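If you want the building blocks of each chain, they are given just below.
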Amino acid sequence: MNWPLMHGNISKSDLDEVKKIFDEDNPKLTQGPRVKQFETEWSKWLGVKHSIFVNSGSSANLLTLAALKILYPKGGEIIVPALTWSSDVVSVLKAGFTPKFVDIDLTTLGLNEKNIFNSINKNTVAVFLTHCQGYSALSNELLDLIKTKKIILIEDVCESHGATHNNIKVGNFGLISNFSFYYAHHMTTIEGGMICTNDDELSDIFRCIRGHGLLREMANIEKIEKIKKENPLLNSDFIFLYEGFNVRNNEISATIGLNQIKSLNEKIKKRNENYFRFFDNLTNKNIYSDFKNDGLSNYAFNIISSYPDETFYKKVLKLFNELNIEYRRGSAGGGNQLRQPYLKNLKIDKPKLPVTDHVHFFGSYIGNFPELNNELIHYLVKRLNQL
Ligand SMILES: Cc1ncc(COP(=O)(O)O)c(C=O)c1O
């Protein structure tokens, strides 16, 4: 058996599209018209006004929090899960906000709204939630809470392209949302990420800080002219308006993205079929299966022990090893970020997070990709049921 985390995510047709570029005279290949076209197509697919293509999901996180700091220079607290990727936490820290860690709900692997409610105080600026592993972390109660408390919602959709809440794609509910196109995700651009928003001002801030902080990256001509007038001693091509980065992507990645987006919905459908083929046949009650599947866009099967039972969990891992199934322990980001060395010496609140810890110690995921063989799925379920 050979069951990797991901297989075949770059197709022959993606590569054929890329080859066409190499026949062009004098290709430039840095951010250009294809990047713009991919941003337009992505905005259409998601249903947002602005999309900004960057070189990774981590860069999307980084710019998102940097932009939030421009809007909220005083800083404050940002509610985050500990079951997420390191860049979600690092981006909060680097922008000078304080991460406030809150436990998750096992049914969605996302932030639990009651815990969020209990953590909101006068210093709370935003909730930065992660839609983990294809599950939507949203609920109507959570959206109401955010509205009532007048705080900002940011969505990390890096692992959940196409997941929905109330039939609307997640990534539409927050002020800003982030996506990743790393090889192992729902679709890939080799490396890549997208920042999405309906806010014109934020969109311009993102374009600016994506490209060194340069004023000329913005779209708002009136604003550009005003700032030029305010800075008569500067060369107008070189006005660095904000503390910027260079996290642009390029024409090759955009070309792959443009080709991949065509089959994204089809791939999502296939992955979800795999998911239900797996979980509908799983009868071993020692493995947790009570996930909230509404609006699912799965890309990995999460095999989590129902109980903190070390002996049983070791049997599961032994089976994966025996069958040559690649797995990652701890689910998203390897489990509880608060246990990671990079946070060790930081003086922040480090609450106990029992649900996150349960996934950290008794959870793992295996790959779910469109061409996963049905027989393999049935065989693995049969063996898991026998444990
Ligand atoms: C939830 C989440 N956020 C952010 C990222 C970072 O994305 P990238 O690998 O494209 O930097 C990842 C990566 O897998 C992720 O899972």
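Basis of the calculations
Residues numbered from 1 in each chain as written. Predicted model: local features only at pLDDT ≥ 70, side-chain atom pairs only at ≥ 80, totals over all residues. Heavy atoms only, no water. Near = heavy atom within 4 Å. Polar contact = N/O pair within 3.5 Å; in protein donor to acceptor, adjacent residues only side chain to side chain. Helix = DSSP H or I, 4+ residues; strand = E, 2+ residues; numbered from the N terminus. Nonpolar A, V, L, I, M, F, W, Y, C, P; charged D, E, K, R; others polar. Domains from an automatic or database assignment. Contact = heavy atoms within 4.5 Å. Buried area = accessible area lost by both parts, 1.4 Å probe. Salt bridge = Lys/Arg side-chain N within 4 Å of Asp/Glu carboxyl O. Buried < 20%, exposed > 50% of the residue type's maximum accessible area, 1.4 Å probe, protein only.

## Some thoughts on the site of the ligand
Here comes step 1: Close to the ligand lie 15 residues; Gly57, Ser58, Asp156, Glu159 and Ser180 are nearest.
Here comes step 2: Separating a nitrogen atom of the ligand from a side-chain N or O atom of Asp156 is a distance of 2.7 Å.
Here comes step 3: For the shell around the ligand, the secondary-structure elements that each account for two or more residues are helix H3 (57-71) and helix H4 (86-94).
Here comes step 4: Counting residues per element, the shell around the ligand draws most heavily on H3, at three residues.
Here comes step 5: The residue makeup of the shell around the ligand, split by class, is three nonpolar, nine polar and three charged.

## Some details on the domain arrangement of the chain
Here comes step 1: The assigned domain composition of the chain is domain 1 (12-261) and domain 2 (265-386).
Here comes step 2: Centre-to-centre separation of domain 1 and domain 2, based on C-alpha positions: 26 Å.
Here comes step 3: Contact residues are listed per partner, giving 37 residues for domain 1 and 39 residues for domain 2.
Here comes step 4: Across the interface of domain 1 and domain 2, roughly 3000 Å² is buried in total on both sides, 59% from carbon and sulfur atoms.
Here comes step 5: Considering only the surface of domain 1 that becomes buried against domain 2, Leu106, Gln133 and Tyr135 emerge as the three largest contributors, covering 23% of it.
Here comes step 6: Here domain 1 and domain 2 share zero salt bridges between them.
Here comes step 7: Linking domain 1 with domain 2 are 15 residue pairs in polar contact (both at pLDDT 80 or more).

## Here we look at the pattern of salt bridges
In a structure, side chains of opposite charge can pair up when their charged atoms sit close to one another.
Here comes step 1: Taken as a whole and assessed by the stated rule, the structure comprises 16 salt bridges.
Here comes step 2: In this structure, Asp16 and Lys12 form a salt bridge, with 3.2 Å as the shortest nitrogen-oxygen distance. Of the two residues, Asp16 and Lys12 both sit in helix H1 (residues 12-22), four residues apart, roughly one turn of that helix.
Here comes step 3: For Asp16, a relative accessible area of 28% translates into the label partly exposed.

## Points about the side chain of Asn272
Here comes step 1: If you trace the backbone, Asn272 turns up in helix H10 (residues 264-279).
Here comes step 2: You can call Asn272 buried: its relative accessible area is 14%.
Here comes step 3: Contacts of Asn272, omitting those with residues within four sequence positions, involve Leu296, Ser297 and Asn298.

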